[in-house]
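Okay, here's what each chain looks like letter by letter:
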Amino acid sequence: MSLLFLLLLLHELMPGTQGLSLCGWRTQESGGNKLQYSAGSGEDTFTVVNTEKALIVYSPFLSSNEIVLQPLRGTYLFCVHWIPALGIFNFTYGVTKSHIMQTSPQTRSNLLQPTPPSYTCDSSTLLFDVTINGQPLNNSCNFTFPLLSTATDMKNVEHDISQVADYLDKNHFSGKGRMLRYWIETVLSNVTIEENSHHFGKGSLQAAVYKLNSSDVLISLPDCLGVSLSFPKQLMETVNTGTRLHVVRILDSGALFQDAANNTVVDSQVIGITFEGTQVSNLSEDIVITFHHQPLQVNSSPVCVFWDELSENWRMDGCNTVPGEVRTECRCNHLTYFALLMQISSEVIPEVHLVMLSVLTFAGCSISAVSCFFTIIWICCSRKMQSNPTLQIHLNLLGAVLLLDLSFILSAVLGALEERSLCISSAAVLHFALLCTFSWMAIEGFNLYRLVVKVFPASSVTTIKLALVGWGVPILIVAAVMLMDQESYGVSSIAVERPSFHNSTASM
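Now for a look at the structure at hand. What you see is a predicted model, and the numbers here were worked out from it, not measured in a lab. (Residues numbered from 1 in each chain as written. Predicted model: local features only at pLDDT ≥ 70, side-chain atom pairs only at ≥ 80, totals over all residues. Heavy atoms only, no water.)

## Quick word on the overall build of the chain
For step 1, the next point in the chain: The helix and strand inventory of the chain stands at 9 helices and 25 strands.
For step 2, the next point in the chain: For the chain, the proportion of its 508 residues judged to be buried stands at 44%.
For step 3, the next point in the chain: For the chain, the proportion of contacts with a sequence separation of at least 24, taken over those separated by at least 6, is 69%.
For step 4, the next point in the chain: Surface summary for the chain: the accessible area is close to 26300 Å², and the carbon and sulfur share equals 59%. (Helix = DSSP H or I, 4+ residues; strand = E, 2+ residues; numbered from the N terminus. Buried < 20%, exposed > 50% of the residue type's maximum accessible area, 1.4 Å probe, protein only. Contact = heavy atoms within 4.5 Å. Areas by Shrake-Rupley, 256 points an atom, 1.4 Å probe, with all protein chains shown as cover.)

## What about unusual backbone geometry?
For step 1, the next point in the chain: The phi angle at Asp-267 is positive, at roughly 60°, despite the residue not being glycine.
For step 2, the next point in the chain: Tracing the backbone through its elements, the reader meets Asp-267 in strand S16 (residues 265-275).
For step 3, the next point in the chain: The backbone of Ser-268 shows a phi angle near 55°, a positive value even though the residue is not glycine.
For step 4, the next point in the chain: Along the chain, the position of Ser-268 falls in strand S16.

## A word on the packing of aromatic side chains
For step 1, the next point in the chain: Counted according to the given criterion, the structure contains 10 aromatic pairs.
For step 2, the next point in the chain: With a centroid separation of 5.1 Å and 25° between ring planes, the pair formed by Tyr-76 and Tyr-93 is classed as stacked. Placement of Tyr-76 in strand S6 (residues 74-83) and of Tyr-93 in strand S7 (residues 88-93) is noted, with a sequence separation of 17 residues between them.
For step 3, the next point in the chain: Centre to centre, the rings of Phe-91 and Tyr-93 are 5.8 Å apart; their planes meet at 20°, and the pair counts as stacked.
For step 4, the next point in the chain: The class of Tyr-93 is buried, set by a relative accessible area of 1%. (Phe/Tyr/Trp six-rings, centres within 6.5 Å; stacked < 30°, edge-to-face > 60°.)

Any link to function would need more than the numbers given here.
Take a look at the structure:
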């Protein structure tokens, strides 16, 4: 419903969908190497006038500007391509190409230029071998054509769609995706096709129109657009006989279907499926859309989504995904623009493996913690502890290992609660305990070096100074991380395959 509302709104705001391409040969005199284009007034007309000083283009939806062409005198081939509904104005002159992209048409109040005057043609200003949308015209220096509101001729539609596909291939189209989708739907709804189906375009923009004269057309459609479609019989009860089906394939680089999350579309392929003048939603039996794609990465999976025009985001409502190695089925209960999003995830492990590894981990940490605790008690009760620096270093290392064991077990428990403040705190303590274990292991190595290599150790290195290093450096590192980027600490999730539930996660 939102898509239909927006299309009706755009219908009132946008100029005609018909595109024009005027090509020919121009004789350039000295100082006449200019292209001038500006807004005209009066009727919606497209005018090309050649003078000795410049080649001039008038249209109600252009802004005033000028381009300097090739400076040499001579005869040059030129083409002016103009699609007002998309704001595309492309001019080709010899080997020089200038692309001017208009994102929105000019309003009538801004049309200050007068209606272009008529010019007297002479031999120096005549344009030769002129064609309009491929059809030959008589030689002249002044050409005026109405901007029609709709396109009906198949050749014109093929030409316009090919032009837009060329812009998309070269990433020159900077207009809004909503305007492009409206333009495609309008053009396909008005084009006259002689057979039951017709395919338009190539490259980044392709479209197909099907006349629904029988239910056999809906059961299965060919793979001409790189996608297979299968419709339920229930749909024929909703769609009137004679209604046309539009299938559009857009290779989007991200500009036309860009959501807030910057999601990645598999193979940049977006498929639009609509029935002319009919909204299809909430079907009891799903429509099956089969995407063919390259093999995906090991740690990624496809997700079927559709484009929501109101929120301008990809959504998954009403769509189920049946993934495969090189083809993915999307089973949806409505029609609009669909795509596959790349969902990056960690490797999924079976639940039985998670349980076994968790038992081993917690058992190992518990045994280590108990052993460290009783060893610390034994060292504290030793009479030599106060006078033996080596025992004091052992005591600190055991304390660090005990803290690491306890914080590791605690982080798994608190991670399941998914409480942000508790998670950040436990993650910071776990980081601190791990760094303390590393630092006291290094101090143990330094002490061993003093005992074996340095027979008479220097008295300046005391246990207190070593304790400041062993416990102080980790505190500084954790504090620095907290100040620079607190989001470094958070929940770490592991994808788990649970037989009785959908794929879920274990957190710490």
